[in-house]
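Now for the letters of each chain:
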Amino acid sequence: MAVYVNGKVCKDPNLVEAEDFLFSGLHIAGNTSTPSGNIGTKAIIPGLNTFGLSMARGDFAPSGFSSPHVHPRASEMVLVLEGHLEVGFVTSNLENRLITKFLQVGDVFVFPQGLVHFQRNARGDTHVVSLSAFSSQNSELSRVSVACFESNPAIPVDLLAKAFQVDEKTASQMGGI
């Protein structure tokens, strides 16, 4: 009988191998020819299931960014390996204060769990490489723009217009961002 934890089958401890705890590939640059100029490479390590850990490499082309998003199941700690990265998050209290910082190689910054945050290449002439660690094996990612403008079924345009303080025509054109 298979035992499932976090939706994955737990391996019989007598059959565990070193490869279950290994991921090779975070040294390989990701393809940043995306609309945002950013790509994340998640390290898939089966042996970490139930450990509450995961990690990913971030690659940012010149002017590349990771749009405002949340990780509902994890805090994130990012380490800059190459380049300069602007990071920020918005506090969740009524103040909605932006906490932002420009990071250099070797700097580490933490995004608290569930808070809207972003990252972007702070300079337009170099690539940025970062390494992120998450306090969950399944941090999940929800992009604010996609959640609001690409839900199925769609959020009513009049509500989006009021929420974002734009006219309905503008709100209806914001889909797919």
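See above for the structure.
Residues numbered from 1 in each chain as written. Predicted model: local features only at pLDDT ≥ 70, side-chain atom pairs only at ≥ 80, totals over all residues. Heavy atoms only, no water.

> How do you make sense of the sheet that holds strand β11 (residues 128–134) when you look at a structure like this?
Whether parallel or antiparallel, the strands of a sheet pair through hydrogen bonds between backbone atoms. The antiparallel open sheet is built from five strands, whose spatial order is β3-β4-β11-β6-β9. Of all the strands in the sheet, the pair left with one neighbour each is β3 (38–42) and β9 (108–111). Averaged over all adjacent pairs, the angle separating strand axes in this sheet is 25 degrees, with direction ignored. Relative to β11, strand β6 (residues 76–82) is paired through six bridges, and the arrangement is antiparallel. Within the sheet, the bridge partner assigned to Val80 lies in β11 and is Ser130. (Pairing = 2+ DSSP bridges. Helix = DSSP H or I, 4+ residues; strand = E, 2+ residues; numbered from the N terminus. Axes fitted to C-alpha atoms, helices over the stretch in contact; angles between N-to-C directions.)

> Would you mind showing me how to read the nonpolar core here?
Inside soluble globular proteins, nonpolar side chains tend to come together where they are buried. Grouped together as the largest cluster of nonpolar side chains are 11 residues: Phe60, Val78, Val80, Leu85, Val87, Phe89, Leu103, Phe109, Phe111, Leu115 and Val128. Mapped by element, the contributors of at least two residues to this core are β6, β7 (85–90) and β9. Per element, the largest residue contribution to this core is three residues, and it comes from β7. (Core = buried A, V, L, I, M, F, W, Y, C linked by side-chain atoms within 4.5 Å. Buried < 20%, exposed > 50% of the residue type's maximum accessible area, 1.4 Å probe, protein only.)

> Is there a simple way to think about the environment of Asp107 in this case?
Within the element layout of this structure, Asp107 appears in the loop between β8 (98–103) and β9. Given a relative accessible area of 30%, Asp107 falls into the partly exposed group. As for Asp107 and Val78, which are separated by 29 residues in sequence, their C-alpha atoms are 8.2 Å apart. Dropping the residues within four chain positions of it, Asp107 is found in contact with Val78, Leu79, Val80 and Phe102. Engagement of the side chain of Asp107 in a polar contact is seen with the backbone nitrogen of Gln104, the distance being 2.8 Å. (Contact = heavy atoms within 4.5 Å. Polar contact = N/O pair within 3.5 Å; in protein donor to acceptor, adjacent residues only side chain to side chain.)

It is worth stressing that arrangement in space is one thing and function is another; only the former is reported here.
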